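If you want the building blocks of each chain, they are given just below.
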Amino acid sequence: MNLRELVSALNDFASPALAESWDNVGLLVEPSPPHTVKTLFLTNDLTEEVMEEAVRKKADLVLSYHPPIFAPLKRVTWKTWKERLVVRALENRIGIYSPHTAYDAVPHGVNNWLTKGLGTCTSVPLHPSTAPSSPAEGTHRVEFCADAEHLDAVLSKIKDIPEISCLTTLPVRVEGEEQTRVSLNCSQKALLEVMALLSQNSLLYHKTEILLLQKPLLPHTGMGRLCTLSEPLSLSDTVERIKGHLGLPHVRLALGAGRTLESPVEKVAVCAGSGSSVLKGTEADLYLTGEMSHHDVLDAVANGISVILCEHSNTERGFLSELRDALTIHLQNKINIIVSEKDRDPLQVV
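Description of the structure in this document. (Residues numbered from 1 in each chain as written. Predicted model: local features only at pLDDT ≥ 70, side-chain atom pairs only at ≥ 80, totals over all residues. Heavy atoms only, no water.)

**What about empty space enclosed by the protein?**
Stated precisely, the cut-off is as follows: As defined here, a cavity is a set of points on a 1 Å grid over the protein atoms alone where a 1.4 Å probe fits but cannot get out. A pocket is an open set with protein on both sides within 12 Å along at least five of seven lines, and residues line them when an atom is within 4 Å of a point. Grid points are joined across faces, edges and corners, and a volume is the space filled by probe spheres set on the points. Polar here means any residue other than Ala, Val, Leu, Ile, Met, Phe, Trp, Tyr, Cys and Pro, which are nonpolar, and Asp, Glu, Lys and Arg, which are charged; Gly is therefore polar.
Overall, the coordinates contain one cavity of 30 Å³ or more when judged by the stated rule. Volume-wise, the largest cavity comes out at about 40 Å³. Lining the largest cavity we find L235, R259, T260, S263, P264, V265, D285 and S306. Classifying every residue of the lining of the largest cavity by side-chain character gives three nonpolar, three polar and two charged.

**What to know about the packing of aromatic side chains**
Put simply, the rule reads: Pairs were defined over the aromatic rings of Phe, Tyr and Trp, the Trp ring being its six-membered one, requiring ring centres within 6.5 Å. Orientation was assigned from the angle between planes: stacked under 30 degrees, edge-to-face over 60, tilted for the rest. Only DSSP runs of H or I reaching four residues or more are called helices, and only runs of E reaching two or more are called strands; each is numbered from the N terminus. For every residue, the accessible area (1.4 Å probe, protein chains only) is compared with the maximum for its type, and the residue is labelled buried under 20%, exposed over 50%, or partly exposed between those bounds.
For the structure shown, the criterion picks out three aromatic pairs. For the ring pair Y103 and F319, a centre distance of 6.1 Å and an interplane angle of 75° mean the geometry is edge-to-face. In this pair, Y103 sits in helix α4 (residues 101–105) while F319 sits in helix α12 (residues 319–330), placing the two residues 216 residues apart along the sequence. Its relative accessible area of 2% is what places Y103 among the buried residues. Linked through ring pairs, F13, Y103 and F319 together constitute an aromatic cluster.

**Examining the sheet that holds strand β13 (residues 286–291)**
Defined as follows: A pair of strands is considered paired only if DSSP assigns at least 2 bridges between the two. Axis geometry follows a simple rule: fit a line to the C-alpha atoms, using only the stretch in contact for helices, then measure angles between N-to-C directions, giving values from 0 to 180 degrees. The contact criterion used is simple: two residues touch if any of their non-hydrogen atoms lie within 4.5 Å.
Read across the open sheet, the six strands follow the order β5-β10-β12-β13-β14-β11; overall the sheet is mixed. Every interior strand has two partners, whereas the edge strands, β5 (121–130) and β11 (252–254), have only one. Across the sheet, the mean angle separating the axes of adjacent strands is 25° when strand polarity is ignored. Bridge analysis of β13 against strand β14 (residues 306–309) gives four bridges, and the strand direction is parallel. Paired with L286 across the strands is S306, a residue of β14. In this fold helix α9 (residues 235–246) packs onto β10 (217–234), β11, β12 (264–274), β13 and β14, with an angle of close to 125° to the strand it touches most, β10. Where helix α11 (residues 294–302) meets the sheet, it contacts β11, β13 and β14, and its direction lies at approximately 145° from that of β14.

So, in structure tokens, the structure goes:
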């Protein structure tokens, strides 16, 4: 496939618009066009060892779940390992694409894969995603009626205010008088200017309506998951299920206040990777994530919530095999998709 065609298909699989605002997702490194992709190489972390594996396996595009370029690069030299990744990629005509939190949000993504380790359960996003393009513009809609005497002057001033969109007028009859209904979309900042303008005329001001434009929630999409098990499990059984799903000999466990290994687990809050901000304040029997801050663990324990920490990328990497199969279908078997054998969590128990 042509690289740009493939990137479009990957964006359709999980829209970059679903990623968190702080994230750096999409095509990060692009060889000069035209660039044909025969082999797509999947990894959780793009380290130098993994990059050399991609070169040996003649990859044309690396899909790295974590973005290897996050903070801006001021130069591309051989001095730092992240700069060397870019150099090696371009030398070998290898593109780099990262989906990161877009894959966290989608229903067929990382968090849903992680919940499969709990057994049969129902799950909902902890922080639902909103439709990124609805409404298209503005945070508020302002509507008011004006007579012919004031209409032109008001519209002229409104059109000078930045961040105004969807301005429409409609003839209406109000209390037997011919007037014009004005409707416009605006940003939060522009709303203050619009209302300041309308407040100069008490007749306009008292006939003004303000509507908050809320984007609809996307079903089954968003950050984290709250899982309700079909049948409660003991905490010890839950630990064993998670270890089996992730292929780990050990996890870290903090017992919630008043809890034991035999305490029942029915509700589990899940977040792949780093879960502190996503899980915080959620009512559950158990938090399952890769890592949390020490003080957030203490807060959870004090509230009677047990915590299982598996190390950051251990809660993500196993998804790659499922992703390979899903992308094979999504891309209609047009390219060869392989999973890195060198990719691994940097931490191990010794």
